[in-house]
Amino acid sequence: MDKELTDQLKSLRLLRLLAQWDEDLKHAAQQRFSHARLLTHVVGHEYRQRCENARQQRLRRARIPEPWVLETYPFARQPKLNRKAIQALYDTSSYLTQNQNIIWLGPTGIGKTGLATSFLTHAIHQGKTGRYVLFAQLITELYQAIADHTQAKVLKHYLSYDVLHVDELGYVEVEPAQVGLFFTLMQQRHKKKPTLITSNLGFEDWNTFLKNPSLTAALIDRLTENSHVFNLRDCISLRPKRPADPA
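As the structure is a prediction and not an experimental result, all values here were calculated from the model. (Residues numbered from 1 in each chain as written. Predicted model: local features only at pLDDT ≥ 70, side-chain atom pairs only at ≥ 80, totals over all residues. Heavy atoms only, no water.)

Visitor: It is not clear to me how the overall build of the protein chain should be interpreted in this structure. Could you clarify?
Guide: Across its full length, the protein chain holds eleven helices and five strands. On C-alpha atoms alone, the protein chain measures out to a radius of gyration of 23 Å, which is more than a quarter above the 18 Å that the 2.2 N^0.38 rule sets for 247 residues. With respect to the principal axes defined by its C-alpha atoms, the protein chain has extents near 70 × 50 × 45 Å. Relative to its full complement of 247 residues, the protein chain shows a buried share of 42%. Here the analysis covers contacts within the protein chain between residues at least 6 apart in sequence; of these, 78% occur between residues at least 24 apart. For the protein chain, the exposed surface amounts to about 14300 Å²; the carbon and sulfur share of it is 53%. (Helix = DSSP H or I, 4+ residues; strand = E, 2+ residues; numbered from the N terminus. Rg over C-alpha atoms; globule rule 2.2 N^0.38 Å. Buried < 20%, exposed > 50% of the residue type's maximum accessible area, 1.4 Å probe, protein only. Contact = heavy atoms within 4.5 Å. Areas by Shrake-Rupley, 256 points an atom, 1.4 Å probe, with all protein chains shown as cover.)

Visitor: What is the right way to look at the nonpolar core in this model?
Guide: Nonpolar side chains tend to gather and get buried jointly when the protein is soluble and globular. By size, the foremost hydrophobic cluster in this structure holds 32 residues, and its most contacted members are Phe-135, Val-166, Phe-182 and Trp-206. The element best represented in this core is helix H9 (residues 176-189), accounting for six residues. Residues Tyr-73, Leu-81, Phe-230 and Leu-238 belong to the second largest nonpolar core, which totals 28 residues. (Core = buried A, V, L, I, M, F, W, Y, C linked by side-chain atoms within 4.5 Å.)

Visitor: Whenever I open this one, H9 confuses me. Can you help?
Guide: Structurally, the α-helix is built with 3.6 residues per turn, so residues lying three or four positions apart point the same way. End to end, H9 covers 20 Å across 14 residues, agreeing with the expected 20 Å (1.5 Å per residue, within 8%). Listed in full, the buried residues belonging to H9 are Gln-178, Val-179, Leu-181, Phe-182, Phe-183, Leu-185, Met-186 and Arg-189. Positive backbone phi, approximately 65°, marks Lys-191, located one or two places after H9. (Expected span 1.5 Å × (residues − 1).)

Visitor: Explain the sheet that holds strand E4 (residues 195-199) to me, please; I cannot follow it from the model alone.
Guide: Strands belonging to one sheet form pairs held by backbone hydrogen bonds; the direction of such a pair is parallel or antiparallel. Sheet architecture is open: five strands sit in the order E2-E3-E4-E1-E5, paired in parallel fashion. Sheet topology places strand E2 (130-134) and strand E5 (227-231) at the edges, where each strand pairs with a single neighbour. Here the strands of the sheet are splayed against their neighbours by 10° on average, with no regard to which way each runs. For strand E3 (residues 163-169) and E4, the ladder comprises four bridges, and the chain directions are parallel. Residue Val-166 lies in a different strand from E4, and its bridge partner there is Ile-197. Lying over the sheet, helix H7 (residues 135-148) contacts E2 and E3, oriented at roughly 90° with respect to E2. (Pairing = 2+ DSSP bridges. Axes fitted to C-alpha atoms, helices over the stretch in contact; angles between N-to-C directions.)

Visitor: Would you mind showing me how to read helix H4 (residues 83-92) here?
Guide: Looking only at H4, the buried set comprises Ile-86, Leu-89 and Tyr-90. Along H4, the residues classed as buried sweep out an arc of 95° about the axis, all on the same side. Across H4 from its buried face, at more than 90 degrees, point the exposed residues Lys-84, Asp-91 and Thr-92. Looking at the buried side of H4, the elements it contacts are helix H5 (94-97), strand E1 (101-105), helix H6 (112-125) and E5. A positive phi of about 55° marks Ser-93, the residue just after H4. (Arc of directions from axis to C-beta.)

Visitor: Just checking my understanding: could you explain the pattern of salt bridges for this structure?
Guide: When charged atoms on two side chains of opposite charge get close, those side chains can pair. Counted under the stated rule, the structure contains nine salt bridges. Among the ionic pairs, Glu-46 bridges to Arg-50, the shortest N-O distance being 3.7 Å. Of this pair, Glu-46 and Arg-50 both sit in helix H3 (residues 35-62), separated by four residues, roughly a single helical turn. Through salt bridges that share partners, Arg-16, Asp-24, Glu-46 and Arg-50 make up one connected network. (Salt bridge = Lys/Arg side-chain N within 4 Å of Asp/Glu carboxyl O.)

Visitor: Any chance you could explain the environment of Gln-187 here in plain terms?
Guide: In this structure, Gln-187 sits in helix H9. Placed 32 residues apart in sequence, Gln-187 and Leu-219 show a C-alpha to C-alpha distance of 8.0 Å.

Visitor: What is the right way to read the packing of helix H8 (residues 151-159) against H9 from this model?
Guide: Describing two packed helices takes the angle between their axes plus the distance from one axis to the other. Relative orientation of the contacting elements H8 and H9 amounts to 40°, with a least axis distance of 10 Å. Our classification of the angle between H8 and H9 gives oblique. Our pair here, H8 against H9, has a crossing hand that is right-handed. Between H8 and H9, the contacting residues are Gln-151, Leu-155, Tyr-158 and Leu-159 on the first element and Leu-181, Thr-184, Leu-185, Gln-188 and Arg-189 on the second. (Parallel < 35°, antiparallel > 145°, perpendicular 65-115°, else oblique. Left-handed = near helix turned anticlockwise from the far one by under 90°.)

Visitor: What is the right way to look at the packing of H7 against H8 in this model?
Guide: Two elements in contact, H7 and H8, have axes separated by 8 Å at closest approach and are oriented at 150°. As summarised for this structure, H7 and H8 are arranged roughly antiparallel, according to the angle between their axes. Two secondary-structure elements touch here, H7 through Leu-138, Glu-141, Leu-142, Ala-145 and Ile-146 and H8 through Gln-151, Val-154 and Tyr-158. The residue makeup of the contact of H7 with H8, split by class, is six nonpolar, one polar and one charged. (Nonpolar A, V, L, I, M, F, W, Y, C, P; charged D, E, K, R; others polar.)

Written out as structure tokens, the structure is:
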């Protein structure tokens, strides 16, 4: 390949074609490709590579701690979990097409985050944009936005994602202004884009960290109006047991 063609391919960002040029020509000669078939072969490979690059970029931008898939979740260890309902949502992705929230409630260590992130990862594989964020981190960003008067910018940022996963509601207490902004975010995503939420507390206990009975009631009403709620409070911890302390 001469320098001019190399420079042209680089300028067009056809990097797979640049790297595989000799191999593509060799394969085409061996298979006796027509000109049309060679072009179809080259374009198809370039398209698939770009799709894969875009998928990997969406995964990186989602900031998922561990990209779980549902196939790895130990359903056999959680017989009280409604596997059929969860599997149906995952397989059909109906929550995406219907813009429904999914909420997992239950104690620490039962796999709520793994389930939610598997849905987020699955959505990204299907071409959706997504973001994982701890509730504590989101609240900190909202608090900073109030101080900087950048509330609109922060809300727009989190509204832009096709799927948003807010993890671990209930571990930090929230100031009234932050509750208001969080409610606004959930309200604006309502019935437009799905949100995945995990919490170690049942709805009846959310006021203990949100500290605003009226907004708490309104938030729960809004979140559950168009959602699937899975109560995992009777599930067992999946974490390894710690050795007993010495006597």
